[in-house]
Amino acid sequence: MLSRRTLLAGSALAMLAGCSPSAPPPGPAAVPVPTRPSVLRDPVTVQRMRSNARGTDVDLVLITPAGVPASGLPVCLALHGRGAQARTFLSLGVPDLLTAAVRAGTPAFAIAAVDGDHYWVDVGEGDDPQRMLTEEVPAWLTGRDLLPASAVFGISMGGFGALRLARGHPDLKAVATASAALFVDWPDARSRKVFSGEDNWRAEEPLLHTADLRASALGVWCGESDPFLGADKKLVKAVSPAVSKFSPGGHKDEYWRGILPDVLDFVGQRLR
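Rules and cut-offs
Residues numbered from 1 in each chain as written. Predicted model: local features only at pLDDT ≥ 70, side-chain atom pairs only at ≥ 80, totals over all residues. Heavy atoms only, no water. 1 Å grid on protein atoms, 1.4 Å probe; cavity = no way out; pocket = protein on both sides within 12 Å on 5 of 7 lines; lining within 4 Å. Points joined across faces, edges and corners; volume = space filled by probe spheres on them. Nonpolar A, V, L, I, M, F, W, Y, C, P; charged D, E, K, R; others polar. pLDDT = per-residue confidence, 0-100. Contact = heavy atoms within 4.5 Å. Disulfide = S-S within 2.5 Å. Buried < 20%, exposed > 50% of the residue type's maximum accessible area, 1.4 Å probe, protein only. Axes fitted to C-alpha atoms, helices over the stretch in contact; angles between N-to-C directions. Helix = DSSP H or I, 4+ residues; strand = E, 2+ residues; numbered from the N terminus. Parallel < 35°, antiparallel > 145°, perpendicular 65-115°, else oblique. Left-handed = near helix turned anticlockwise from the far one by under 90°. Salt bridge = Lys/Arg side-chain N within 4 Å of Asp/Glu carboxyl O.

**Student:** Mind showing me how you'd approach empty space enclosed by the protein here?
**Tutor:** The rolling of a water-molecule-sized probe over the atoms marks out the regions of remaining empty space. Under the counting rule described, the total for this entry stands at three cavities of 30 Å³ or more. Computed from the structure, the largest cavity encloses a volume of approximately 70 Å³. Every residue along the wall of the largest cavity is listed here: Leu163, Ala166, His169, Pro170, Leu172, Val175, Asp212, Leu213, Arg214, Ala217 and Leu218. When grouped by side-chain class, the residues that make up the lining of the largest cavity number eight nonpolar, one polar and two charged.

**Student:** I'm lost on the confidence of the model for the protein in this one. Help?
**Tutor:** Caution is warranted with low-pLDDT regions, since their predicted coordinates should not be read in detail. For the protein, per-residue confidence averages 92 on the pLDDT scale, and residues scoring 70 or more make up 92% of the total. Note on residues 1-22: pLDDT is under 50 here. Beyond four places in sequence and across chains, it has 16 contacts.

**Student:** Whenever I open this one, the state of the cysteines confuses me. Can you help?
**Tutor:** One way to say it: the disulfide is the covalent bond shared by the sulfur atoms of two cysteines. This model, assessed by the stated rule, comprises zero disulfides. Counting only cysteine sulfurs, Cys222 is the nearest neighbor of Cys76, a cysteine outside any disulfide, at a range of 19 Å. Its relative accessible area of 3% is what places Cys76 among the buried residues. Under the relative-accessibility criterion, Cys222 is labelled buried at 0%.

**Student:** Where do I start with the packing of helix H3 (residues 94-103) against helix H9 (residues 253-270) in this structure?
**Tutor:** Any two packed helices are characterised by the angle at which their axes cross and by the distance between the axes. As a packed pair, H3 and H9 sit with axes 10 Å apart at the nearest point and diverge in direction by 40°. As summarised for this structure, H3 and H9 are arranged oblique, according to the angle between their axes. Our pair here, H3 against H9, has a crossing hand that is right-handed. Packed against H3, whose contacting residues are Val94, Leu97, Leu98 and Ala101, the element H9 presents Arg257, Leu260, Pro261 and Leu264 at the interface. For the contact of H3 with H9, the per-class residue count stands at seven nonpolar, no polar and one charged.

**Student:** What is the right way to look at the pattern of salt bridges in this model?
**Tutor:** A side chain of one charge can pair with a side chain of the opposite charge when the charged atoms of the two come close. Tallied over the full model, the rule gives 10 salt bridges. Two residues, Arg202 and Glu198, come together in a salt bridge whose shortest N-O distance is 3.0 Å. Linking Arg202 with Glu198, this pair stays in helix H7 (residues 198-204), spanning four residues, or about one helical turn. The exposure class assigned to Arg202 is partly exposed, which follows from its relative accessible area of 41%. Salt bridges sharing common partners tie together Arg48, Asp59, Arg87 and Asp115.

See below:
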């Protein structure tokens, strides 16, 4: 039987397959950061932003439903998985899926994806993705005449980050996770070689702080062949989220593409 670690490694390789260093990143080239508030004119806009919280430059990918005025739209943050990037949501087809959802009746909203790392938390290396999300991203959105983020969605590592953000922001209207990379104990978390130590992991692990999560805003999706299935079921048991769906699929793009319409509707209905 394949070990959980082997399955995770295989999933990561599958996610990165076909993405050679010489291949152009998905989506349009980055545009200059506007010097004054400027309404988005295209369904997909990429900006290269300086994050002092992370100590590096990051891509900010802004996605709006085609044919819908972008000014004043509510925003859902999208947090990618380990080894991926903000532009990964373009590869997953989110622009077309968002447009289709809105045309089918889901209330319109924008998606803001940004580059993150190490489970979207501070692991003591001077790189704090959570601080970027809370202190820097709001101004980046205001600069594009969008509302502050009132929802968050995360895939895999991004699910961990989304739940961590939700702990400190109970006012979020929607929190959705797909194949959330959660860890039931320290040996499991330590095997990822990310956290600085057990205390760091315990402070950040969503499964150890489920009382901080608001059930009515939470939606949990996971494939029945996913290596994180057991951990995600433990989350559902502890929180009793508004939506929890376990269906055929693994820790891979095909599964995430299949559930994204459901996730987008879950988010949009709560942002109306």
